[in-house]
Amino acid sequence: MVVDKPIDWTSHDVVGRTRRLAGTRKVGHAGTLDPMATGVLVLGVNRATRLLGHVAGADKEYLATISLGATTVTDDAQGEETSVADASALTIDDVRAAMEPLTGAIEQVPSSVSAIKVDGQRAYARVRSGEQVELKARPVVVSAFELLEFEPGERAVARVRVECSSGTYVRALARDLGAALGVGGHLTSLRRTRVGGFTLDQARTLDQLGEHFEMVGLDDAARAAFTAVELDEDQARDVRYGRALPGLSVPSGKPVAMFAPDGSFLALYEAAGSEARPVAVFV
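Being a predicted model, the structure only gives us computed values, none of them experimental.

1. Description of the overall build of the protein chain
In step 1: A tally of regular secondary structure across the protein chain gives 8 helices and 18 strands.
In step 2: Residues classed as buried in the protein chain amount to 46% of the 283 residues present.
In step 3: A sequence separation of at least 24 residues applies to 67% of the contacts in the protein chain between residues at least 6 apart.
In step 4: Taken as a whole, the protein chain presents about 13,700 Å² of accessible surface, with 47% of it coming from carbon and sulfur.

Here it is as structure tokens:
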């Protein structure tokens, strides 16, 4: 199920509402969206929950608004301001130049209010209890960091499009862009437009789902989320039993979806030397 998450709802709130709509407790999501954020939240219902961990690792796309001229404790508009500077001297060329080093394969320090665990406790919980939290930089890939609009001023505004790997924090991009420009920055709006092959075009609001409960079938979901491998009857029989497939070449690095000749989704497999081995079998 692809939900257009409303603002001020947590991802868990959406899961709770979907459980009631679907009439089952077995509902999960593929990657948290902050309450301030809206847009694509991919949910799994019943046996599709087994796909979620693999979908969560897909690349993502966002539309975001960044305020330049102030930093906040949370790196977004929901946190208390910690510093203020005059951004009126900034030009569109300044902003574009500062965005370039934040594009590509980079080392990013996550926001201190992220859900990353520090000694068994979420970082955001430590920050809210008054602790000073410093997280280690992690490798991420920002494949696109595009400036769509720029409004100059004492509090300049940059509207951007971001395509990135799983684990990238757009709040941290806003923070680092402001730091590079010497005026500070924070995120003021965030809309996720894509998770892997799932887009806003497929998404439904909770109100729409309340009127007409609509899910993406498991076969279609697997094709949208993973590279598809079409099998012959003998291979499909082996996959149904979770057997390795010697000599079958599949892309390395990510699971692929195995499909029977009738088009039904059977399993996720991954490359293992000269053969393909099962990650999860769904029949």
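Back to the write-up after that little detour.
2. Some details on the side chain of Thr65
In step 1: Counting through the fold element by element, Thr65 comes out in strand S4 (residues 60-68).
In step 2: At 2.8 Å, the side chain of Thr65 and the side chain of Ser189 are in polar contact.
In step 3: Once you skip the residues sitting within four places of it in the chain, Thr65 turns out to touch Val157, Ala158, Arg159, His186, Leu187, Thr188 and Ser189.

3. A word on a negative patch on the surface
In step 1: On the surface, Asp219, Asp220, Asp232, Glu233 and Asp262 cluster together to form a negatively charged patch.
In step 2: Since its relative accessible area comes to 40%, Asp232 is described here as partly exposed.

4. Here we look at the sheet that holds strand S18 (residues 275-281)
Hydrogen bonds along the backbone pair up the strands of a sheet, which may run parallel or antiparallel.
In step 1: Strand order across the open sheet formed by 5 strands is S14-S16-S17-S18-S15, with mixed pairing between neighbours. Unpaired on one side and paired on the other, strand S14 (227-230) and strand S15 (245-246) mark the two borders of the sheet.
In step 2: For strand S16 (residues 256-259) and strand S17 (residues 265-272), the ladder comprises 4 bridges, and the chain directions are antiparallel. The residue of S17 that forms the bridge with Phe259 is Phe265.
In step 3: Set on the sheet, helix H7 (residues 218-225) makes contact with S14, S16 and S17; between it and S16 the angle comes to about 140°.
In step 4: Running over the sheet, helix H8 (residues 233-240) touches S14, S15, S16, S17 and S18 and is turned about 90° from S17.

5. Details of the pattern of salt bridges
In step 1: Counted under the stated rule, the structure contains 17 salt bridges.
In step 2: A salt bridge links Glu81 to Arg155; the nearest nitrogen and oxygen atoms lie 2.9 Å apart. Of the two residues, Glu81 is situated in strand S6 (residues 81-84) and Arg155 in the loop between strand S10 (138-151) and strand S11 (156-164); the sequence distance between them amounts to 74 residues.
In step 3: Its relative accessible area of 39% is what places Glu81 among the partly exposed residues.

6. Brief notes about the environment of Pro246
In step 1: Relative to the elements of secondary structure, Pro246 occurs in strand S15.
In step 2: Expressed as a C-alpha distance, the spacing of Pro246 and Gly273, which sit 27 residues apart in the sequence, is 9.2 Å.
In step 3: For Pro246, the residues in contact, after removing those within four places along its chain, are Ser274 and Glu275.

7. Let's talk about helix H1 (residues 11-22)
In step 1: Here H1 contains 12 residues, and its C-alpha end-to-end distance of 16 Å stays within 8% of the 16 Å for a straight helix at 1.5 Å per residue.
In step 2: Burial in H1 covers these residues: Ser11, Val14, Val15, Gly16 and Thr18.
In step 3: On its buried face, H1 sits against strand S1 (2-5), strand S2 (27-29), strand S3 (38-45) and helix H6 (206-211).
In step 4: One or two residues past the end of H1 sits Gly23, with phi positive at roughly 70°.

8. Observations regarding the nonpolar core
In step 1: Ranked by internal contacts, the top residues of the largest apolar core, which has 32 residues, are Ile66, Leu68, Phe145, Val160, Val162 and Leu177.
In step 2: Of all the secondary-structure elements, those providing two or more residues to this core are S4, helix H3 (92-99), S10, S11, helix H5 (170-181) and strand S12 (185-195).
In step 3: Ranked by size, the runner-up nonpolar core spans 21 residues in total, among them Val40, Phe198, Leu218 and Leu268.

Thresholds applied
- Residues numbered from 1 in each chain as written.
- Predicted model: local features only at pLDDT ≥ 70, side-chain atom pairs only at ≥ 80, totals over all residues.
- Heavy atoms only, no water.
- Helix = DSSP H or I, 4+ residues; strand = E, 2+ residues; numbered from the N terminus.
- Buried < 20%, exposed > 50% of the residue type's maximum accessible area, 1.4 Å probe, protein only.
- Contact = heavy atoms within 4.5 Å.
- Areas by Shrake-Rupley, 256 points an atom, 1.4 Å probe, with all protein chains shown as cover.
- Polar contact = N/O pair within 3.5 Å; in protein donor to acceptor, adjacent residues only side chain to side chain.
- Patch = residues over 30% accessible without salt bridge, like charges linked within 9 Å, V, L, I, M, F, W, Y side chains within 5 Å.
- Salt bridge = Lys/Arg side-chain N within 4 Å of Asp/Glu carboxyl O.
- Lys, Arg positive; Asp, Glu negative; His and termini not counted.
- Charge placed at Lys NZ, Arg CZ, Asp CG, Glu CD.
- Pairing = 2+ DSSP bridges.
- Axes fitted to C-alpha atoms, helices over the stretch in contact; angles between N-to-C directions.
- Expected span 1.5 Å × (residues − 1).
- Core = buried A, V, L, I, M, F, W, Y, C linked by side-chain atoms within 4.5 Å.

Taken by themselves, the reported measurements are silent on function.
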